[in-house]
Amino acid sequence: MTVANVDPLPIALRELPQWGPWRTGLAILRRDLFVTGREFPIFLAQVILQPLFLLFVFGKVLTELGYARPGYQLVLFPGLVALAAVLTGLQSTALPLVIEFSYSNEIEDRLLAPLPVAGVAVEKVVFAAMRAFVAAAVMFPIGVWILGSIPWRGSAGLAVFAMVILGSLLGAAMGLILGTYVPPNRINVTFALVLTPLMFTGCSQYPWPSLSHLRWFQVASALNPMTYVSEGLRGLMVPHVPHIQTWLCFLVAVVYLVVLMVVGMIGFNRRALG
Amino acid sequence: MPSVPVRRCTVSTNVSEESSRGMSTAPHKIGVVAPSGRAIGRQGSGPAVEVVGLAKRYPKAPVDSLAGVSFEVAQGEVFGFLGPNGAGKSTTIGILTTRILPTRGRAIVAGVDVVADPVGARRVLGVVPQQNNLDRSLSVRQNLLFHASYHGVPRAERTRLADALLDQFGLADRPDGRPDDFSGGQIQRMMIARALMHAPAVLFLDEPSTGLDPAARLFLWEKVAELQEAGTTVVITTHDMDEAATLSDRVAIIDHGTLLALDTPAALVRGMASERTLDCAVDPGPTTDAEALGAAIGALPGVRETERLDDPTTGAWRLRIYVEGEAAGFVAPVAQAISASGGTLTDARLGEPNLEDVFIHLTGRALR
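These figures come from a predicted structure and were not determined experimentally.

Undergrad: Before we move on, could you go through the overall build of chain B and cite the residues and values that matter?
TA: On a plain count of helices and strands, chain B comes out with twelve helices and 16 strands. Counting across all 368 residues of chain B, residues that qualify as buried make up 51%.

Undergrad: Give me the lowdown on the overall build of chain A, citing residues and values where you can.
TA: A count of helical and extended segments in chain A gives eleven helices and zero strands. A buried classification covers 41% of the 274 residues belonging to chain A.

Undergrad: I'd like to hear about the nonpolar core, residue by residue, with values.
TA: In terms of nonpolar packing, the biggest core is built from 147 residues, with Ala85 and Val229 of chain A together with Val109 and Val202 of chain B touching the most fellow members. The element contributing the most residues to this core is helix H3 (residues 72-101) of chain A, with 16 residues. For Val109 of chain B, the residues in contact, after removing those within four places along its chain, are Val49, Leu96, Val114, Ala121, Val124, Leu125 and Val202 of chain B. Judged by nonpolar contacts, the second largest core, of 16 residues, contains Cys280, Ala296, Leu319 and Phe330 of chain B.

Undergrad: Explain the confidence of the model for chain A to me, and be specific about the residues and the numbers.
TA: In low-pLDDT regions, the fine details of the predicted coordinates are not to be read closely. In this model, chain A carries an average pLDDT of 88, and 93% of its residues clear a pLDDT of 70 or more. Every residue in residues 1-15 of chain A is under pLDDT 50, and counting partners more than four places away or in other chains gives 41 contacts.

Undergrad: I'd like a description of the pairing of strand S5 (residues 78-82) of chain B, backed by residues and values.
TA: The side chains of a regular strand alternate between both faces of the sheet. Residue and element names in this part refer to chain B. For S5, the tally of buried residues reaches five of five residues, placing the bulk of the element in the interior. Here S5 shows no split at all, with Val78, Gly80 and Leu82 on one side and Phe79 and Phe81 on the other all buried. The sheet contact formed by S5 and strand S11 (residues 250-255) spans four bridges and is parallel. The residue bridging Phe81 from the neighbouring strand is Ala252, located in S11.

Undergrad: Please give an account of the packing of helix H1 (residues 21-38) of chain A against helix H4 (residues 140-150) of chain B that cites residues and values.
TA: For the pair H1 of chain A and H4 of chain B, interaxial distance at closest approach is 8 Å and the crossing angle is 155 degrees. In terms of orientation, H1 of chain A lies roughly antiparallel with respect to H4 of chain B. Contacts between H1 of chain A and H4 of chain B pair Thr24, Ala27, Ile28 and Arg31 of chain A from the former with Phe146, Ser149 and Tyr150 of chain B from the latter. Tallied by class, the residues present in the contact of H1 of chain A with H4 of chain B amount to four nonpolar, two polar and one charged.

Undergrad: Quick rundown of the sheet that holds S5 of chain B? Include the residues and the values.
TA: Residues and elements named next belong to chain B. The six strands lie next to each other as S8-S9-S10-S5-S11-S12, forming an open sheet whose pairing is mixed. Of all the strands in the sheet, the pair left with one neighbour each is strand S8 (125-128) and strand S12 (258-263). For this sheet the average axis-to-axis angle between neighbouring strands, irrespective of direction, equals 15 degrees. Pairing between S11 and S12: five bridges, direction antiparallel. By the bridge assignment, Asp255 is partnered in S12 with Thr258. Lying on the sheet, helix H12 (residues 355-363) is in contact with S5, S11 and S12; it crosses S12 at an angle near 145 degrees.

Undergrad: Explain the environment of Leu44 of chain A residue by residue, including any values.
TA: Position of Leu44 of chain A among the secondary structure elements: in helix H2 (residues 40-64). Taking the C-alpha atoms as reference points, Leu44 of chain A and Arg131 of chain A, 87 residues apart in sequence, are found 9.2 Å from one another.

Undergrad: Can you lay out the pairing of S8 of chain B for me, pointing to particular residues and giving the numbers?
TA: Residue and element names in this part refer to chain B. Burial along S8 is two-sided: the face carrying Leu125 and Val127 and the face carrying Gly126 and Val128 are both buried. As paired strands, S8 and strand S9 (residues 202-206) are joined by four bridges and run parallel to one another. Looking at the pairing, Val128 lines up with Leu205 of S9.

Undergrad: Provide a residue-level description of H2 of chain A, including the pertinent values.
TA: Residues and elements named next belong to chain A. If you check H2, its first and last C-alpha atoms are 33 Å apart, about what 25 residues at 1.5 Å a residue would give, namely 36 Å. Ile48 marks the point of greatest bend in H2, at about 40 degrees, and the proline Pro51 comes within the next four residues. The complete set of buried residues in H2 reads Val47, Pro51, Leu55, Phe58 and Gly59. Lining the buried residues of H2 we find H3, helix H5 (117-137) and helix H6 (139-147).

Undergrad: Describe the confidence of the model for chain B, listing the residues and the values that go with them.
TA: Residue and element names in this part refer to chain B. Looking at chain B as a whole, the pLDDT averages 81, with 84% of positions reaching at least 70. Counting contacts from residues 1-42, a segment whose pLDDT is below 50, to residues more than four positions away or on other chains yields 125 contacts. Scoring the predicted complex yields pTM 0.79 and, for the interface, ipTM 0.86.

Undergrad: Requested: an account of the packing of helix H7 (residues 157-181) of chain A against helix H10 (residues 225-237) of chain A, with residues and values cited.
TA: How two helices pack is summed up by the angle between their axes together with the distance between the axes. Residues and elements named next belong to chain A. Relative to each other, H7 and H10 sit at 170 degrees, their axes nearing to 10 Å. On the basis of the axis angle, H7 is roughly antiparallel to H10. Each of Ala159, Val160, Met163, Leu166, Gly167 and Leu170 in H7 lies in contact with H10, whose residues at this interface are Pro225, Val229, Gly232, Leu233, Leu236 and Met237. Residues of the contact of H7 with H10, tallied by class, amount to ten nonpolar, two polar and no charged.

Undergrad: Requested: an account of the environment of Thr24 of chain A, with residues and values cited.
TA: Within the secondary structure layout, Thr24 of chain A lies in helix H1. Sequence-wise, Thr24 of chain A and Glu123 of chain A are 99 residues apart; in three dimensions their C-alpha atoms are separated by 10 Å. Leaving out residues up to four positions away in the same chain, Thr24 of chain A has contacts with Ala113, Pro114 and Leu115 of chain A together with Tyr150 and Gly152 of chain B.

Undergrad: Please set out unusual backbone geometry residue by residue, giving values where relevant.
TA: Residues and elements named next belong to chain B. In this structure, Ala199 is a non-glycine residue whose phi angle is positive, near 50 degrees. Along the polypeptide, Ala199 turns up in the loop between helix H6 (184-196) and S9. Residue Ala199 is classed as buried on the basis of its 28 C-beta neighbours within 10 Å.

Undergrad: Could you give an account of the sheet that holds strand S6 (residues 104-109) of chain B, with specific residues and numbers?
TA: Residue and element names in this part refer to chain B. Reading across the sheet, the four strands line up as S4-S3-S6-S7 and stay open at both edges, with antiparallel pairing between neighbours. Two strands in the sheet have a free side with no partner beyond their single neighbour: strand S4 (66-73) and strand S7 (112-113). Summarising the sheet, strand S3 (residues 49-56) and S6 pair through five bridges and their orientation is antiparallel. Opposite Val51, over in S6, you have Ala107 as the bridge partner. Running over the sheet, helix H2 (residues 89-96) touches S3, S4 and S6 and is turned about 120 degrees from S3.

Undergrad: Just give me the short version of H4 of chain B, but keep the residues and values in it.
TA: Here H4 of chain B lies mainly inside the structure; ten of its eleven residues are buried. Within the sequence span of H4 of chain B, burial applies to Val140, Arg141, Asn143, Leu144, Leu145, Phe146, His147, Ala148, Ser149 and Tyr150 of chain B. Residues of H4 of chain B that are buried in the fold lie against H1 and helix H4 (107-111) of chain A together with helix H5 (155-168) and H6 of chain B. Gly152 of chain B sits one or two residues past H4 of chain B and shows a positive phi near 75 degrees.

The rules behind each value
Residues numbered from 1 in each chain as written. Chains lettered and ligands numbered in written order. Predicted model: local features only at pLDDT ≥ 70, side-chain atom pairs only at ≥ 80, totals over all residues. Helix = DSSP H or I, 4+ residues; strand = E, 2+ residues; numbered from the N terminus. Buried ≥ 20, exposed ≤ 12 C-beta atoms within 10 Å, placed from the backbone. Core = buried A, V, L, I, M, F, W, Y, C linked by C-beta atoms within 7 Å. Contact = placed C-beta atoms within 7 Å. pLDDT = per-residue confidence, 0-100. Pairing = 2+ DSSP bridges. Axes fitted to C-alpha atoms, helices over the stretch in contact; angles between N-to-C directions. Parallel < 35°, antiparallel > 145°, perpendicular 65-115°, else oblique. Nonpolar A, V, L, I, M, F, W, Y, C, P; charged D, E, K, R; others polar. Expected span 1.5 Å × (residues − 1). Bend = angle between axes of the 7 residues up to and from the residue.

Below you can see the structure in the form of structure tokens.
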């Protein structure tokens, strides 16, 4: 073995020009994209299947059999886009976090990378939101395929885009909370207890104002962040259907996002630092 | 159980507030070429690790897990932390590697304060954890490459380094295998190779040989020796006496969150040089009273201490008797005392003190 007492300065101690924590964050994101990209078909199958069946059974089968009124698919479609965004976001942070913090410890290598601990959490949320966005985006071609047409207004395109991103981030932030506060041995129970109410109080299958004669359920639904994503998208895509005002949906969604992120970050920090 | 006098001593280390302050601002200097041909950190004249009054109390815990520990690790040193499970070793390593926040005290690694600048500290330290935390979605080689990318090692350099380290750690034949398909020893090597990818100034190995077979353990020891030769500072925790004695330049013995002793293995053992040991296996009779027997042996002239180190699996009595002078001369009187108590001496071994005896002396109990 050669042992030479010469420089150069070790990289660890050398001033690496322009190397900041954000570049470490990007390197971690690149790792996540690399792993998902390699299994992209599996990922797609994973995120598409549930909304695909919901769309098919509720939008196509029930309408064709006459159990749902014609035009119901117009109300349903924006809600299912919201559902895909929020649920995929949630699952994409919660499950990996639970596994990486307990069984695999995989997150340790990232927590030991030169970036603030919060940066690791932000990367998790951003990456999960990217997955969620893809899941929501593929709903559009699937909608066209199954339903024949989907409600779409070009003028609202940008706002729809923004709301889908917001919904994806909201779901990811909820997952951050679940993934960091719930002990691993409880995650199955928690998923059952959280996912089902979340899915069915998020106004994905009906407009929120139509619940006025079912007051308690309307109030419960108003507490679900997903409601504002569903209603926001509905207002943008099918404005003639009664809906919560779009600006209010954006506002509440942003406030929810901030609150959920703060709570999730606290949970993440608690798990990451002893 | 015979009452065993326990000598507890606290060794004060030579760290003063003044010197530590001076140290923290010491400039970084050159590195040396690691076995891989790569520069491994070695900063200026200051110590590689400097810990002053470090303490940790976990929330809701009644006592400190770490109760004000101070020590220094010199550059290029292999520093061993020896203690039983729960002694505070992993807490110390956790704090030094920025994963645990201390309740009080200071910890400096390669000139960087780990509490004030955890991001900076992570640049200069490498960690090989106790449990496999390799990225299971990536191949062995990708594990190394992505780790280096997190640390900003340029692409060309990380490729070269990964190949060199895979070769050096005997992993070059299956670089594309997934970590799950490898043995415990190989996983250990992968984690060391990964930790070296960003050329840390100080490498922390947390119980590296736990669960390894003897061959894998020897390979690990060789690699640690090579790293040291190349100038990397290594901090290693272990509850294995042989490992501590073989690998470490200096050993810190820690128990109940307190540093009990800190010196070279030879010096620690030398501190007990005036003593010899006599290990006796005793088959107790129905009337044998442990306490009375301990007292009877303890009363023999020249006997300094008696410790009972029973084998919990068989329930057999085992006494370790520390004596002054030649231990052989004590066999007869001890046997006599045992038979007077109604028991039988079934085995007697004469021993020179080793690191384990030092540990037992300091903590009052056997490590394993």
